[in-house]
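Analysis of the macromolecular model
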Amino acid sequence: MPDHPPAVPTSRWSRLSRGAVLAIGAGLGAAAVGACWAGMSLAGQSGDSFSTDGTLTVTGVGGGLDSGEPCSGTGGYSDIHFGTQVTITDAAGTLVAVGSLGLGQKTEQGCEFPFTVDDITPGSKFYTVEVSHRGGLSKAEDELRTGGLAFTLGD
């Protein structure tokens, strides 16, 4: 019987320093997480997100102001002002994008607010655009992609 145990073959990994093994493991882990993230991102979309823009005009507001002056909704329209939320939901009623009204300007018609909504998820049969709590208007995807939407509140 020999005095010493039989020799165990050494692997390539056992010859590396602990720091090198940790660095290799971290690199492989980061690559795996990145691949999963990319796969989930691509699988969850039927195309690239898109943006839309338009205006909301509140008629009969801004009396006494000169054309182009800043304005906001008053009276029953006091919820319509710079920063008011613009939401877009898909046909299932799922919120898919949020934007807000820009600074209102006095026009001949009343107070006009521009808006832009970015990162709209594509692929719905129709979308509902709603400003504040005013009820939504339905639009097809191609209408949203074209932009230039024009909504009016008031008389």
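Heads up: these notes are all about the structure in this document. (Residues numbered from 1 in each chain as written. Predicted model: local features only at pLDDT ≥ 70, side-chain atom pairs only at ≥ 80, totals over all residues. Heavy atoms only, no water.)

It is worth spelling out the packing of aromatic side chains at this point. What the rule picks out here adds up to 2 aromatic pairs. A ring pair is formed by phenylalanine 50 and tyrosine 127, whose centres lie 6.2 Å apart and whose planes are at 85 degrees; its orientation type is edge-to-face. Taken together, the residues span a long stretch of sequence, with phenylalanine 50 in strand E1 (residues 50–59) and tyrosine 127 in strand E7 (residues 127–131) at a distance of 77 residues. Consider the rings of phenylalanine 115 and phenylalanine 151, whose centres lie 6.2 Å apart with planes at 10 degrees: the pair is stacked. Separated by 36 residues along the polypeptide, phenylalanine 115 in strand E6 (residues 110–120) and phenylalanine 151 in strand E9 (residues 149–153) bring together distant segments of the chain. The pair phenylalanine 115 / phenylalanine 151 is uniform in exposure class, with both members buried. (Phe/Tyr/Trp six-rings, centres within 6.5 Å; stacked < 30°, edge-to-face > 60°. Helix = DSSP H or I, 4+ residues; strand = E, 2+ residues; numbered from the N terminus. Buried < 20%, exposed > 50% of the residue type's maximum accessible area, 1.4 Å probe, protein only.)

Right, let's talk about the nonpolar core for a bit. Ile80, Ile88, Leu101 and Ile120 are the most contacted members of the largest nonpolar core, which totals 23 residues. Those elements that place two or more of their residues in this core are E1, strand E3 (85–89), strand E4 (95–101), E6, E7 and E9. Of all the elements, E6 adds the most residues to this core, at 5 residues. (Core = buried A, V, L, I, M, F, W, Y, C linked by side-chain atoms within 4.5 Å.)

Assignment of secondary structure puts glutamate 141 in helix H2 (residues 141–146). Contact partners of glutamate 141, with chain neighbours within four places excluded, come to Phe50, Pro122, Gly123, Ser124 and Tyr127. (Contact = heavy atoms within 4.5 Å.)

With that settled, consider the side chain of threonine 84. For threonine 84, the location among the structural elements is in the loop between strand E2 (70–71) and E3. Engagement of the side chain of threonine 84 in a polar contact is seen with the backbone oxygen of aspartate 79, the distance being 2.8 Å. There is a polar contact of 3.0 Å between the side chain of threonine 84 and the backbone oxygen of histidine 81. Beyond its immediate stretch of four places on either side in the chain, threonine 84 contacts Asp79, Gly99, Ser100, Leu101, Val131 and Ser132. (Polar contact = N/O pair within 3.5 Å; in protein donor to acceptor, adjacent residues only side chain to side chain.)

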